[in-house]
Amino acid sequence: MIVLSKQMSISEIIQTDGKEFFAEDQMIKAVADVDQGVLAVNASLHADLEELLLDQGSRQESLYGFNIYYDDKEIEYDSLINPPRNRDDGYPRGGRDVSSPEKRAQIKEIVDKWISD
């Protein structure tokens, strides 16, 4: 697990961390702090990345989980940590996806800032 402090490609993240959890799916799990613009990546569970950011001072209501695919940095806004955030954002039936268009845009900006092509 890594909290990014510089822009890295997905292959650099895997090489630096020494682990590749979802090679068969060609994706990595990530959690973004939409208030601080911080990104944690590369774990088997979004909850592990959430805990890492909480330990570093993030607020739980600011954390959203998603997956990033290797080939085109496509973001899949799906995680078990998202339903409480969706309710807080006014989407009580949002499920595991990030339902807020504003939060999706913030996540996309964070990913583009920290993950290079």
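Up top is the structure.
What counts and how
- Residues numbered from 1 in each chain as written.
- Predicted model: local features only at pLDDT ≥ 70, side-chain atom pairs only at ≥ 80, totals over all residues.
- Heavy atoms only, no water.
- Helix = DSSP H or I, 4+ residues; strand = E, 2+ residues; numbered from the N terminus.
- Buried < 20%, exposed > 50% of the residue type's maximum accessible area, 1.4 Å probe, protein only.
- Contact = heavy atoms within 4.5 Å.
- Lys, Arg positive; Asp, Glu negative; His and termini not counted.
- Salt bridge = Lys/Arg side-chain N within 4 Å of Asp/Glu carboxyl O.
- Expected span 1.5 Å × (residues − 1).
- Arc of directions from axis to C-beta.

(A) Representation of the overall build of the protein in the model. Looking only at helices and strands, the protein has four helices and five strands in total. Of the regular secondary structure in the protein, the N- to C-terminal order runs β-α-β-β-α-β-β-α-α. Projected onto the principal axes, the alpha-carbon positions of the protein cover approximately 40 × 30 × 25 Å. Across the 117 residues that make up the protein, the buried fraction comes to 48%. Across the protein, the fraction of contacts at a sequence separation of at least 24, relative to all contacts at a separation of at least 6, is 54%.

(B) Here's a closer look at the side chain of lysine 29. By the secondary structure assignment, lysine 29 is in strand 2 (residues 27–33). Buried and unpaired, lysine 29 has no salt bridge, with aspartate 78 as the nearest side chain of opposite charge at 6.9 Å. Dropping the residues within four chain positions of it, lysine 29 is found in contact with Phe22, Ala40, Val41, Asn42, Ala43, Ser44, Leu45, His46, Leu49, Phe66 and Asn67.

(C) Molecular detail of the side chain of glutamate 50. By secondary structure assignment, the location of glutamate 50 is in helix 2 (residues 46–55). Excluding anything up to four places from it in sequence, glutamate 50 contacts Val31, Gln60, Leu63, Ile81 and Arg85.

(D) Spatial organisation of the pattern of salt bridges. Counting across every chain of the model gives eight salt bridges. The salt bridge involving aspartate 78 is made with arginine 96; its shortest N-O contact spans 2.7 Å. With aspartate 78 in the loop between strand 5 (75–76) and helix 3 (83–88) and arginine 96 in the loop between helix 3 and helix 4 (101–114), this residue pair connects regions lying 18 residues apart in the sequence. According to the relative accessible area criterion, aspartate 78 is buried, its value standing at 16%. Taken together, the shared-partner salt bridges connect Lys73, Lys108, Asp112 and Asp117 into one network.

(E) Expanded view of helix 4. If you check helix 4, its first and last C-alpha atoms are 20 Å apart, about what 14 residues at 1.5 Å a residue would give, namely 20 Å. Turning to helix 4, its buried residues number three or more, namely Lys103, Ile107, Ile110, Val111 and Trp114. Considered in projection along helix 4, the buried side chains sweep an arc of 100 degrees and stay on one side of the axis. Looking at helix 4, the residues exposed on the side facing more than 90 degrees away from the buried face are Pro101, Glu102 and Glu109. Contact partners of the buried residues in helix 4: strand 2, strand 3 (38–41), strand 4 (63–69) and strand 5.

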